[in-house]
Amino acid sequence: MNDVIEDWEPFYTATAGSPVRALCLLAIDAAGDPGGRLAVDLGAGAGRESAALLAAGWRVLALDGAAGAHLRIEASVPPADRNRLSVAEQSFAALDELPEAGLVYAGYALPFQRPEVFARTWSLIRGALRPGSGAILAVNLFGPRDTWADDPELTTHSLEEARALLDGLQILALREQEREGVAVTGPKHWHELDLLARA
Ligand SMILES: C[S@@+](CC[C@H](N)C(=O)[O-])C[C@H]1O[C@@H](n2cnc3c(N)ncnc32)[C@H](O)[C@@H]1O
């Protein structure tokens, strides 16, 4: 895969059995009845949030660039839900379109691309959210004081830059948090931005 940390396996192992991300649950709640609509899970990882979206009744497109994404994500989903799941195993850099969606979720994934790729991905995300449709956007970004912020392969955003990304959307929540913690790679300073918005 281009443009990202090469080996996500330690992350999948370390987070196996973790609860569904709170931001994803907020997005599901805010979006209401799926009514046959599509949810897009960008950087779907091991598929935990894709499985939660399916359980909530969504059709789901799960995209992840790490090798083995198809098998990994499908394995996380009960067989009865798999007919509403499609998986795209590709990097954000290789993305050239996104379908219209009722919910776009990207958990701890969008920062892992260079700024010029991020800009392109973001424009595809915004294009998937029809204005006035009520579609929900929920993403985590990293702030400039994150330990990883100096990595040129990553993209960070200040709070104001994050707010600007949401221009034209109704902001439901925009939360900035800093804490000392650990990643699979070891101790780090986390500077996180959680965005929740409605088209
Ligand atoms: C930190 S994990 C997050 C997984 C899951 N969304 C979660 O919240 O636990 C980041 C995921 O994004 C994927 N990813 C990172 N950079 C990517 C890129 N540039 N293109 C596609 N997928 C990417 C990785 O393969 C990995 O599965």
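Each remark here, short or long, concerns the structure printed above.
Here is what the cut-offs are and how they apply
Residues numbered from 1 in each chain as written. Predicted model: local features only at pLDDT ≥ 70, side-chain atom pairs only at ≥ 80, totals over all residues. Heavy atoms only, no water. Helix = DSSP H or I, 4+ residues; strand = E, 2+ residues; numbered from the N terminus. Buried < 20%, exposed > 50% of the residue type's maximum accessible area, 1.4 Å probe, protein only. Contact = heavy atoms within 4.5 Å. 1 Å grid on protein atoms, 1.4 Å probe; cavity = no way out; pocket = protein on both sides within 12 Å on 5 of 7 lines; lining within 4 Å. Points joined across faces, edges and corners; volume = space filled by probe spheres on them. Nonpolar A, V, L, I, M, F, W, Y, C, P; charged D, E, K, R; others polar.

1. Observations regarding the environment of A30
Right, on to step 1. With respect to the helices and strands, A30 occurs in helix α2 (residues 22-31).
Right, on to step 2. A relative accessible area of 22% places A30 in the partly exposed class.
Right, on to step 3. With residues up to four places along the chain from it excluded, the contact list for A30 reads I136, L172 and R198.

2. A short note on the layout of surface pockets
Right, on to step 1. Its volume calculated, the second largest pocket comes out at about 200 Å³.
Right, on to step 2. In this structure, the second largest pocket is lined by 16 residues; those nearest its centre are P19, V20, R21, A22 and Y108.
Right, on to step 3. Of all elements in the fold, only α1 (9-15), α2, β6 (170-183) and β7 (186-198) reach the threshold of two or more residues within the lining of the second largest pocket.
Right, on to step 4. Considered class by class, the residues forming the lining of the second largest pocket number 6 nonpolar, 4 polar and 6 charged.

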